[in-house]
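# Structural description and commentary
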Amino acid sequence: MSDLSGAIGIIGGTGLTTLSGLKIAGTRALETLWGEPSSELVEGHLDGQSVVFLSRHGNPHRIPPHEVNYRANIQALYDVGVRTVVGVNAVGGIHPEMGPARVVVPDQIIDYTWGRASTFFEGALERVTHIDFTWPYDQAARDVLMQAATAHDVPFSGFGVYGATQGPRLETAAEIRRMERDGCDLVGMTGMPEAALAAELGMRYVCLGLVVNWAAGKSDHVITMEEIEAAIDQGMSGVRRILEVSMAG
Ligand code: HPA
């Protein structure tokens, strides 16, 4: 991401707990004001770009979406100097174009999560702060990811409303129909409050989504872990390619 300054933070989700190709310079176990992040920060270089990688669900994968300490994760990246974050998210597809193994760079969010620590601005404050969140994803970073996908023939959808649900259970068919009526194209459990917390600290944030299943009721079968794993196997190489190419600038 040659036009973006500083180290890029990559938060890996389901299917991306490590980043191959990263020339590792070191790891840091940090404690933040908000507690411990999900994993050590892995610092290194990807095609010359300084990168800090964090595994959202821990490494190995053990923290469910509603128990991720999103504040600690974002704060830890901020504390080591990261100002641009790529959040990689496994998602369910609602829009007809967004079937399994499809890469998506969404442009909007609807938040259905509840009970999560979702702001830095609470407790003993000097003043109340309301950030602007009209455009939750950084457009310049979205462009970099989409250009990388185009250049390397990774098919993708360059739009989409990400509906963030609480989990860890998947949705009912009626919940997905309601989300569709609301305008959601994708459904995932980890997009929020991560994006909002990054915005609260003034960081650029972008989502790189990989569809790993049709959302509930959008296919003729129930959702299985086998189909999710198959879609991850099929699609994650495209996600890795986009990350590597966009870092090379
Ligand atoms: N729903 C919510 N989160 C998800 C899904 C889904 O169908 N697939 C992957 N993450």
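Quantities reported herein were computed from a predicted structural model and do not represent experimental measurements.

### Considering unusual backbone geometry
Cis geometry marks the peptide bond from N59 to P60, where omega comes out at 5 degrees. Among the structural elements, P60 can be located in the loop between β4 (49-55) and α1 (70-79). With omega at 10 degrees, the peptide bond leading from M192 into P193 counts as cis. For P193, the location among the structural elements is in the loop between β10 (186-188) and α4 (194-200). Within the chain, A101 stands out as a residue other than glycine whose phi angle is a positive 80 degrees. Checked against the element boundaries, A101 lands in the loop between β5 (84-93) and β6 (103-104).

### A short note on the nonpolar core
By size, the foremost hydrophobic cluster in this structure holds 32 residues, and its most contacted members are L41, V52, I74, L77, V82, V85 and M203. The set of elements that each furnish at least two residues to this core consists of β4, α1, β5, β9 (161-164), α4 and β11 (204-214). Judged by nonpolar contacts, the second largest core, of 31 residues, contains L46, V86, V88 and I232.

### Overview of the pattern of salt bridges
A pair can form between side chains of opposite charge whenever their charged atoms are brought close. Summed over the entire model, instances satisfying the criterion amount to six salt bridges. Note that R102 and E97 form a salt bridge whose closest N and O atoms lie 3.4 Å from each other. We note a salt bridge from K218 to E180, for which the minimum N-O separation is 2.8 Å. Of the two residues, K218 sits in the loop between β11 and α5 (225-248) while E180 sits in helix α3 (residues 173-182), which places them 38 residues apart along the sequence. Judged by relative accessible area, which is 29%, K218 ranks as partly exposed.

### A word on the pairing of β9
Alternating residues of β9 divide into V161 and G163 and Y162 and A164, and every residue in both groups is buried. Bridge count between strand β7 (residues 108-111) and β9: four bridges; the pairing is parallel. Directly across from Q108, in β9, lies its bridge partner V161. Here three bridges tie β9 to β10, and the two strands are oriented parallel to one another. Looking across to β10, one finds that G163 is bridged to V187. For the crossover from β9 across α3 to β10, the handedness is right-handed.

### Notes on the site of the ligand
Neighbouring residues of the ligand: A90, V91, G92, T165, L170, E171, V187, G188, M189, V212 and N213. Contact distances for the ligand include 3.4 Å between a nitrogen atom and a backbone N or O atom of A90. The contact in question runs from a nitrogen atom of the ligand to an N or O atom on the side chain of E171, over 2.7 Å. Protein coverage of the free-state accessible area of the ligand, which is 260 Å², stands at 93%. Using a 2 Å cut-off from the grid points, one finds that the ligand occupies the largest pocket. At the level of secondary structure, the elements contributing two or more residues to the shell around the ligand comprise β5, β10 and β11. Across the shell around the ligand, the residue classes tally to six nonpolar, four polar and one charged.

### A word on the confidence of the model for the protein chain
Here the protein chain averages 93 in pLDDT, and 98% of its residues register 70 or above. Segment residues 1-5 is flagged for pLDDT under 50; beyond a separation of four residues in sequence, or across chains, it makes 18 contacts in the model. Here the predicted complex scores 0.95 on pTM and 0.99 on ipTM.

### Some words on the packing of aromatic side chains
Across all of its chains, the model carries two aromatic pairs by this definition. Ring centres of W34 and F120 lie 5.4 Å apart, and the angle between their planes is 50 degrees; this geometry places the pair in the tilted category. Remark: F120 occurs in the loop between β7 and α2 (139-151) and W34 occurs in the loop between β2 (23-28) and β3 (41-46); sequence separation between them is 86 residues. You can call W34 partly exposed: its relative accessible area is 27%. On the accessibility criterion, F120 (7% relative accessible area) is buried.

Criteria and cut-off values
- Residues numbered from 1 in each chain as written.
- Predicted model: local features only at pLDDT ≥ 70, side-chain atom pairs only at ≥ 80, totals over all residues.
- Heavy atoms only, no water.
- Helix = DSSP H or I, 4+ residues; strand = E, 2+ residues; numbered from the N terminus.
- Core = buried A, V, L, I, M, F, W, Y, C linked by side-chain atoms within 4.5 Å.
- Buried < 20%, exposed > 50% of the residue type's maximum accessible area, 1.4 Å probe, protein only.
- Salt bridge = Lys/Arg side-chain N within 4 Å of Asp/Glu carboxyl O.
- Pairing = 2+ DSSP bridges.
- Right-handed = clockwise from strand over helix to strand, strands pointing away.
- Near = heavy atom within 4 Å.
- Polar contact = N/O pair within 3.5 Å; in protein donor to acceptor, adjacent residues only side chain to side chain.
- Areas by Shrake-Rupley, 256 points an atom, 1.4 Å probe, with all protein chains shown as cover.
- 1 Å grid on protein atoms, 1.4 Å probe; cavity = no way out; pocket = protein on both sides within 12 Å on 5 of 7 lines; lining within 4 Å.
- Sits in = over half its atoms within 2 Å of the grid points.
- Nonpolar A, V, L, I, M, F, W, Y, C, P; charged D, E, K, R; others polar.
- pLDDT = per-residue confidence, 0-100.
- Contact = heavy atoms within 4.5 Å.
- Phe/Tyr/Trp six-rings, centres within 6.5 Å; stacked < 30°, edge-to-face > 60°.

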